[in-house]
Amino acid sequence: MKEVTQMIVVLTLICTVCGVALSGLLEVTAERIENQVLINVQGPGVKIVLEGSENDLIADRKKIKINGEEVLLFVGKKDGKPWAIAYETLGNGFGGSLTVMVGYDTDQKTLTGIQVVSHKETPGIGSRVTEDQFSQGFRGLSIKIEDPSPKGIRGEVDAVAGATYSSGGVYEAIAKSLQIYPEVIKQSLAP
Amino acid sequence: MEYIVLVITAVLVKNILLAQYLGNCPFLGTSKRMDTAIGMGVSVIFVMTIATAITWVVQYSVLVPLKLEYLQTIAFILVIAALVQFVELFLKKFAPPLYSALGIFLPLITTNCAIMGVALLVILKGQTFPEAVLFAVASGVGFTLALILLAGIRERLEVSAVPMALRGAASGLIMAGLMSLAFFGFVGVDGSLKALIQ
Amino acid sequence: MKLLKVFTRGLWNEIPPFRLVLGLCPTLAVTRSAEDGLGMGLAVIFVLACSNMLVSSLRNLIPRQVRIACFVVIIASFVVVVELLSQAFFYPIYQSLGIFIPLIVVNCIILGRAEAFASRNGIIASGLDGLGMGLGFTLSLTVLGSIREILGQGTFFGAEVMWSSFRPFSFMVEAPGAFVTLGILLAIMNAISKSHQS
């Protein structure tokens, strides 16, 4: 009996100590990890769609709430004045959800560009939606597009041949992005 | 149809041993003879399927709601270790013939990275529960296939005049490399199948 | 003198994964480039040395029946420490090592050293044993990674090293290259120690 108690006590003790120590470490590193993820995952996409900005895009990010959901907003500034914003939305591709970063020029009311930040599409087929040839097509598209639905956007920019589903996911994400744009602008102007 | 692609991909195209580098310790350790290879393969299919099902549930009904995803590694390894112990006891009690066939392989499975690897992969890929279980079965079958093929080659090598330095693990690894090269022939099959569906 | 021997044993006489054919999965998977091999090696040194020391200091407290479970929890905790630290400070390496960081937990070398050495020896000796074995492992991984990177991509730690008309063998960075390179290195090690003996 004594042995069994000792076994249980030792195991519980080790687990508890490890758990507490790890949660402490998480607390300390959480902020740094969040920053690193932003720099390495979203960072490259944000840099491309907000090209020409002079501020530190990652440091100047904002968190806003749209329809109860948190949206991470990146603001690009030129000569100290905000000129463009970017945020991510999700679409359903062939292999699962794909995340698209859409950038907007707030003065010209056009898209500065899009970047697929993360995806699970088939390499060589669906993954072609990440290539410049496709994403370049969205540059300069007007915010006041007649029909801001996936179908309407498909009419503006051709899908990647052979990757209809994957392209559809991108259209879906952009449509969602366009739909929340007025609300985002309203909130981003507020201090 | 999508499930068929999933199975073909896991067994042939992205074979867990030959393309994903998981489970190599038992791969070399138990491929010297055909009967041990079959025993190990069956044990792996069995444990891998149950382990993946349980860790999937642990991840989505315990770790995610409690925001404890960072403890994933600890939770999974404990689940796998406990499961292996449990399977061992269960077989010993209720299926002695099966126990005497698989018993010696079970303790080795706890530290088989293929089990833990598949459990982590299904989470990483964001698969649904049925997909995850099917993926686990298919990965186990892929593991067994590679193991049996290599055992066949190595049994032959035993009776041939191999240079001293190449005996044992060295020739096993080179054979595995050549097999892996042969499996490269399947690369792209998954892509074209998916394109067919699209 | 004895401690020095404990330390240097891991560097040649029992260098993993060549002499102790254990821990093959990371050896094959993350040696696509010298940098990845080195990163994985450093992570293993940290986990191995820390877990060895902690296991050794608790060796009289832990009851025999649950020792493996205790070792696994201790090792898994240090693996989570590595996961968190590498995410916070070396994110690109964390990305390229992927699931092989959590899989350090099933690296047989670590559990093997805890069981075979640390649970029977003092803290300092155990720490040195872990450090030595870890360094040996790092050395092997870096060498393997260098060979594969130089031949497979024509670079070394990312810098061009081959002549301009060199065509990289993409075979080397893929799975078959990993198996074959390790097999040949193992054969060379065998040949060297054979000629030492005679």
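In this text the structure is predicted, and so the values were computed from the model without any measurement.

Visitor: Could you clarify how one ought to interpret the nonpolar core in this entry?
Guide: One broad trend across soluble globular proteins is that nonpolar side chains are buried collectively. Judged by nonpolar contacts, the single largest core of 124 residues is most densely connected at Phe 27 and Met 116 of chain B together with Phe 100 and Leu 103 of chain C. Setting aside residues up to four positions removed in sequence, Phe 100 of chain C forms contacts with Gln 20, Tyr 21 and Leu 22 of chain B together with Cys 25, Pro 26, Ala 29, Val 30 and Met 40 of chain C. Listed in part, the 33 residues of the second largest apolar core include Tyr 87, Leu 111, Phe 138 and Val 160 of chain A.

Visitor: Would you take a moment to explain the interface of chain B and chain C for this structure?
Guide: Buried accessible area, meaning the area lost when the parts come together, often serves as the stated size of an interface. With 37 residues of chain B at the contact, the number on the chain C side is 40 residues. Summed over both partners, the interface of chain B with chain C buries about 3,000 Å², with 84% contributed by carbon and sulfur atoms. On inspection of chain B and its partner chain C, the count reaches zero salt bridges. At the boundary of chain B and chain C, one finds three residue pairs in polar contact (both at pLDDT 80 or more). Those elements that provide at least two residues to the side of chain B that touches chain C are helix 2 (24-29), helix 4 (72-94), helix 7 (113-124) and helix 9 (169-183) of chain B. For the side of chain B that touches chain C, the element with the highest residue contribution is helix 9 of chain B, accounting for eight residues. For the side of chain B that touches chain C, a count of residues per class yields 27 nonpolar, nine polar and one charged.

Visitor: Would you mind showing me how to read the side chain of Gln 87 of chain C here?
Guide: Secondary-structure assignment places Gln 87 of chain C in helix 4 (residues 67-89). The class for Gln 87 of chain C is buried, based on a relative accessible area of 14%. Excluding residues that lie within four positions of it along the chain, Gln 87 of chain C makes contacts with Ile 33 and Gln 36 of chain A together with Tyr 94 of chain C.

Visitor: Quick question: what am I supposed to make of the interface of chain A and chain C here?
Guide: Every contact between the two is made by 18 residues of chain A and, on the other side, 21 residues of chain C. When the two sides are added together, the surface that chain A and chain C hide from each other amounts to roughly 1,700 Å², 79% of it contributed by carbon and sulfur. On the chain A side of the interface with chain C, the three residues burying the most area are Met 7, Ile 14 and Leu 22 of chain A, jointly 26% of the side's total. Joining chain A to chain C, the criterion identifies zero salt bridges. At the junction of chain A with chain C, the criterion picks out two residue pairs in polar contact (both at pLDDT 80 or more). Across the side of chain A that touches chain C, the residue classes break down as twelve nonpolar, four polar and two charged.

Visitor: I keep staring at the packing of aromatic side chains and nothing clicks. Help me out?
Guide: The full count for this structure, using the stated rule, is 15 aromatic pairs over all chains. With a centroid separation of 5.2 Å and an interplanar angle of 70°, the aromatic rings of Trp 56 of chain B and Phe 129 of chain B are classed as edge-to-face. Of this pair, Trp 56 of chain B sits in helix 3 (residues 34-63) while Phe 129 of chain B sits in helix 8 (residues 129-158); the two residues are 73 residues apart in sequence, bridging distant segments of the chain. By way of ring pairs, the aromatic residues Tyr 87, Tyr 104 and Tyr 181 of chain A are connected into one cluster. Across from the ring centre of Trp 83 of chain A, 4.2 Å away, lies the NZ or CZ of Lys 78 of chain A, which sits over that ring.

Visitor: Explain the sheet that holds strand 2 (residues 69-78) of chain A here, please?
Guide: Strand pairing in a sheet relies on backbone hydrogen bonds, with the paired strands running either antiparallel or parallel. Residue and element names in this part refer to chain A. One open sheet holds the five strands; their spatial order is 1-2-3-4-5, and the pairing between them is antiparallel. The open sheet terminates on both sides in strands that have one partner only, identified here as strand 1 (62-66) and strand 5 (110-118). Taken pair by pair, the neighbouring strands of this sheet meet at an average axis angle of 30°, ignoring direction. With five bridges joining them, strand 1 and strand 2 adopt antiparallel strand pairing. Within the sheet, the bridge partner assigned to Lys 63 lies in strand 2 and is Leu 72. Together, strand 1, strand 2, strand 3 (81-92), strand 4 (97-105) and strand 5 form the strand contacts of helix 1 (residues 2-49), whose direction differs from that of strand 5 by roughly 140°.

Visitor: How do you make sense of the packing of helix 4 of chain C against helix 6 (residues 108-118) of chain C when you look at a structure like this?
Guide: Two measures define how a pair of helices packs: the angle their axes make with one another and the distance between the axes. All names here are of chain C. Helix 6 packs onto helix 4 with a crossing angle of 130° between their chain directions and a minimal axis gap of 10 Å. By the criterion of interaxial angle, the relationship of helix 4 to helix 6 is oblique. Between helix 4 and helix 6 lies a crossing of right-handed hand. Here Arg 67, Ile 68, Phe 71, Val 72 and Ile 75 of helix 4 come into contact with helix 6, specifically with Ile 110, Leu 111, Ala 114 and Glu 115. Residues that form the contact of helix 4 with helix 6 fall into these classes: seven nonpolar, no polar and two charged.

Visitor: Help me understand the side chain of Thr 73 of chain B in this model?
Guide: Looking at the element boundaries, Thr 73 of chain B is found in helix 4. What makes Thr 73 of chain B buried here is its relative accessible area of 0%. If near-sequence neighbours (up to four positions away) are discounted, Thr 73 of chain B is found in contact with Met 116 of chain B together with Val 79, Val 80, Glu 83, Pro 102 and Val 105 of chain C.

Visitor: How do you make sense of the confidence of the model for chain A when you look at a structure like this?
Guide: Predicted coordinates in regions of low pLDDT should not be interpreted in detail. For chain A, the average pLDDT comes to 82, and 96% of its residues sit at 70 or higher. Per-element averaging of pLDDT across chain A places helix 3 (residues 150-156) of chain A at the bottom with 78 and strand 4 of chain A at the top with 86.

Visitor: Sorry, what's going on with the pattern of salt bridges here?
Guide: When charged atoms on two side chains of opposite charge get close, those side chains can pair. Tallied over the full model, the rule gives seven salt bridges over all chains. Two residues, Glu 172 of chain A and Lys 176 of chain A, come together in a salt bridge whose shortest N-O distance is 3.7 Å. Highlighted residues: Glu 172 of chain A and Lys 176 of chain A, both in helix 4 (residues 164-189), separated by four residues, approximately one helical turn. A salt bridge links Glu 115 of chain C to Arg 67 of chain C, with the shortest nitrogen-to-oxygen separation between them at 3.0 Å. Of this pair, Glu 115 of chain C sits in helix 6 while Arg 67 of chain C sits in helix 4, placing them 48 residues apart in sequence. In this structure Glu 115 of chain C comes out as partly exposed when scored by relative accessible area, which is 21%.

What counts and what doesn't
- Counting restarts for each chain: residues are numbered from 1 in the order of the written sequence.
- Note on labels: chains are lettered from A, ligands numbered from 1, in written order.
- Local features are withheld for residues below a pLDDT of 70 in this predicted model, meaning they are given only at 70 or higher, and side-chain atom pairs are given and counted only at 80 or more; totals for whole chains, interfaces and linings count all residues.
- The side-chain numbers reported here are obtained from all heavy atoms of the structure, hydrogens and water having been left aside.
- Here, the term nonpolar core denotes a set of buried Ala, Val, Leu, Ile, Met, Phe, Trp, Tyr and Cys residues that are joined through side-chain atoms within 4.5 Å.
- Working definition: with a 1.4 Å probe on protein chains only, accessible area under 20% of the residue-type maximum means buried, over 50% means exposed, and in between means partly exposed.
- Contact definition: two residues touch when any of their heavy atoms are within 4.5 Å.
- By definition, the buried area sums, over both parts, the 1.4 Å-probe accessible area that each loses when the two are put together.
- Whenever Lys or Arg places a side-chain nitrogen within 4 Å of a carboxyl oxygen from Asp or Glu, that contact is recorded as a salt bridge.
- Polar contact is the term for a pair of N or O atoms within 3.5 Å; when the atoms are in protein, one must be able to donate a hydrogen and the other to accept it, and sequence-neighboring residues count only if both atoms are side-chain atoms.
- Each helix is a run of H or I in the DSSP string that is no shorter than four residues. Each strand is a run of E no shorter than two, and both are numbered from the N terminus.
- When residues are sorted by character, Ala, Val, Leu, Ile, Met, Phe, Trp, Tyr, Cys and Pro go into the nonpolar class, Asp, Glu, Lys and Arg into the charged class, and all the rest, Gly among them, into the polar class.
- Aromatic pairs are defined between Phe, Tyr and Trp rings, using the six-membered ring for Trp, whenever the two ring centres lie within 6.5 Å; interplanar angles under 30 degrees are classed as stacked, those over 60 as edge-to-face, and all others as tilted.
- Note on criteria: charge over ring means Lys NZ or Arg CZ within 6 Å of the ring centre, with the direction from the centre no more than 35 degrees off the ring normal.
- Note on pairing: two strands pair once DSSP finds at least 2 bridges between them.
- Axis definition: a line fitted to C-alpha atoms, over the contacting stretch in the case of helices. Angles run 0 to 180 degrees between N-to-C directions.
- An angle below 35 degrees is treated as roughly parallel, one above 145 as roughly antiparallel, one from 65 to 115 as roughly perpendicular, and anything else as oblique.
- By convention the crossing between two helices is left-handed if the near helix lies anticlockwise of the far one by an angle smaller than a right angle, and right-handed if it lies clockwise.
- Per residue, pLDDT captures the predictor's confidence, and it can take any value from 0 to 100.

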